[in-house]
Amino acid sequence: MESVEILKEIAQKSGKSEEEVKELIDAKIKKFSGLLTEQGASFMVQKELGLKQETGIESKIGELSDGMKGIDIGGEIKAIFPVKEFEKNGKSGKLKSFILNDDTGEVRITLWNDQVDLYDLSVGSKIKILNAIVSAYNEKKQVGLGFNGSIEITHKKEIEFKELNNIKGGMNNVNIVGRLLRKYPCKEFDSNDKKGKLCNFQFGDGTALLRATAWNEKADEVEKYNEGEIVEIKNGYTKDGMFGVELHLGYSAELTKSEKDIPSVVNILKDSVNEKKINQLVENENVIIDGKVKNLMDGKLFYPVCEKCGKKVSIENSGVVCENCGEVKGEKRAIMGIVVEDDTGEVRANLFGDSAIKAIGMDKTNFEKELDEKSSEKLVEEIREKISGNELKLFGYLKVNNYSGENEFSVKDVI
Ligand SMILES: [Zn+2]
């Protein structure tokens, strides 16, 4: 606001003349021997006249100093860090911090407990922090909300998802959605006496395939997802690696399950997949095999999963318990082991969920009804009879079973 306008506003609200207000402001400037700007002086006058209690002076980030209170800070969000939960004096709390920058610098803002869920913040959004307090931690300035402090989102940046064929090396704040195609075994390592962990995985959305690496706590998160699941990744960064562009998930990355419509695994991979004979199968290579069902293995035809996240659940006295979601409603996920043969040999193939139901030639509702009505033994017998000798085209890859050490074909889709 122009100083003339402020003068008018103060005069109007206080009932004093503009001249009187001007005198008060000049007196302040004089009193502080020129150290106070006109804006600062008018702010003090407004406070003394009881006009200003809730909004502060707007400060640039480069001008912040330890102990400042009741100021407003405007800027753009540069990075957001994941919520951290902690325990202090037997009480649990949480915090979320983010980096705000303007043309004079950047500073870390921390929100505590109830404040954490109040604001829908996204990288690139312009915000104003009202009634902020500045403190110093390890000589680094940081900002929090003061009493009655709040955040005003002045310009919301909608999160922009990129297609994988537009991803190049050296990008920050990369947001993508696609399928987690393949998880490779995770590795633990030591660096500077600190234990680290990484998990590599392959990701695709139908426009391109991407090699990705999740680090430390993000590696643990990736491990929780099943291959084939649709996942939204926010705030990743890319590098040019030996085998092309690599996506990295560092501490500020976010992973969430997505409902977005993404091509099936087999459609994403079809250009890079060949048909192979059973005796040509190589571990980990995505292929299509074309064979006849020789046998259906005995066993239960389903296992209980969480209705919310699809992870395996345990049935306890208290009910159905999911490691991710707590107490949930369970549902039955189909599982089936078959032996497939072609003119070169045979292989054990494992089918899950929709792939299993498709191979049986039933729909989900019918299959669930059968499970409810019949014993496992009876149903296995019936299905064995129904599918033996059937021709199946299976998409998947050969994998060593962790328990038996045998090679098994892990089916990702029935074509
Ligand atoms: Zn769950």
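Residues numbered from 1 in each chain as written. Predicted model: local features only at pLDDT ≥ 70, side-chain atom pairs only at ≥ 80, totals over all residues.

1. Comments concerning the overall build of the protein chain
- Of the regular secondary structure elements, the protein chain holds eight helices and 24 strands.
- On the principal axes, the C-alpha backbone points of the protein chain span a range of 100 × 50 × 40 Å.
- The proportion of buried residues among the 415 residues of the protein chain is 24%.
- If you take every contact in the protein chain between residues at least 6 apart in sequence, the share linking residues at least 24 apart comes to 54%. (Helix = DSSP H or I, 4+ residues; strand = E, 2+ residues; numbered from the N terminus. Buried ≥ 20, exposed ≤ 12 C-beta atoms within 10 Å, placed from the backbone. Contact = placed C-beta atoms within 7 Å.)

2. Considerations on the sheet that holds strand β18 (residues 314–316)
- Spatially, three strands are ordered β18-β19-β20 in an open sheet, and the strand pairing comes out antiparallel. Strands with a single pairing partner mark the edges of an open sheet, and in this sheet they are β18 and β20 (326–328). For this sheet, the mean angle separating the axes of adjacent strands, direction not counted, is 45 degrees.
- Examined bridge by bridge, strand β19 (residues 319–322) and β20 share three bridges and lie antiparallel to one another. The residue bridging Val 321 from the neighbouring strand is Glu 327, located in β20. (Pairing = 2+ DSSP bridges. Axes fitted to C-alpha atoms, helices over the stretch in contact; angles between N-to-C directions.)

3. Notes on the nonpolar core
- One finds Ala 334, Met 336, Ala 349, Leu 351 and Ala 356 to be the most contacted residues of the largest nonpolar core, which totals 51 residues.
- Looking at which domains feed residues into this core, each of domain 3 (164–263) and domain 4 (273–306 + 332–414) supplies at least three.
- Once you skip the residues sitting within four places of it in the chain, Ala 349 turns out to touch Ile 338, Val 340, Leu 394, Phe 409 and Val 411.
- Counting residues in hydrophobic clusters, the runner-up holds 15 residues, among them Ile 71, Ile 80, Val 143 and Ile 151. (Core = buried A, V, L, I, M, F, W, Y, C linked by C-beta atoms within 7 Å. Domains from an automatic or database assignment.)

4. Looking at the domain arrangement of the protein chain
- Partitioning the protein chain into structural domains gives domain 1 (3–48), domain 2 (57–155), domain 3 (164–263) and domain 4 (273–306 + 332–414).
- Here the C-alpha centroids of domain 1 and domain 3 sit 56 Å apart.

5. Examining the packing of helix α2 (residues 18–31) against helix α3 (residues 38–48)
- It is the contact of α2 with α3, at a shortest axis distance of 9 Å, that shows an interaxial angle of 115 degrees. Note that α2 runs across α3; the crossing there is right-handed. When α2 is examined against α3, the residues Val 21, Leu 24, Ile 25, Lys 28 and Ile 29 are found in contact with a partner set consisting of Glu 38, Ala 41, Ser 42, Met 44 and Val 45.
- Class assignment for the residues of the contact of α2 with α3 results in seven nonpolar, one polar and two charged. (Left-handed = near helix turned anticlockwise from the far one by under 90°. Nonpolar A, V, L, I, M, F, W, Y, C, P; charged D, E, K, R; others polar.)

6. Examining the environment of Ala 79
- Residue placement: Ala 79 occurs in strand β2 (residues 71–80).
- Once residues within four sequence positions are removed from consideration, Ala 79 is found in contact with Phe 98, Ile 99, Val 123 and Ser 252.

7. Comments concerning the pairing of strand β13 (residues 244–249)
- Relative to β13, strand β11 (residues 209–215) is paired through four bridges, and the arrangement is parallel. Within β13, the residue paired with Ala 212 across the bridge is Leu 247.
- Across five bridges, the pairing between strand β12 (residues 230–241) and β13 is antiparallel. Bridge pairing in β13 places Thr 238 opposite Leu 247.

8. Some words on helix α6 (residues 353–360)
- The set of residues buried in α6 consists of Ser 355, Ala 356, Ile 357, Ala 359 and Ile 360.
- Turning to α6, the residues buried within the fold contact β21 (330–342), β22 (345–352), α7 (364–373), α8 (376–387), β23 (391–400) and β24 (407–414).
- Following α6 by one or two positions, Gly 361 has its phi on the positive side, about 85 degrees.

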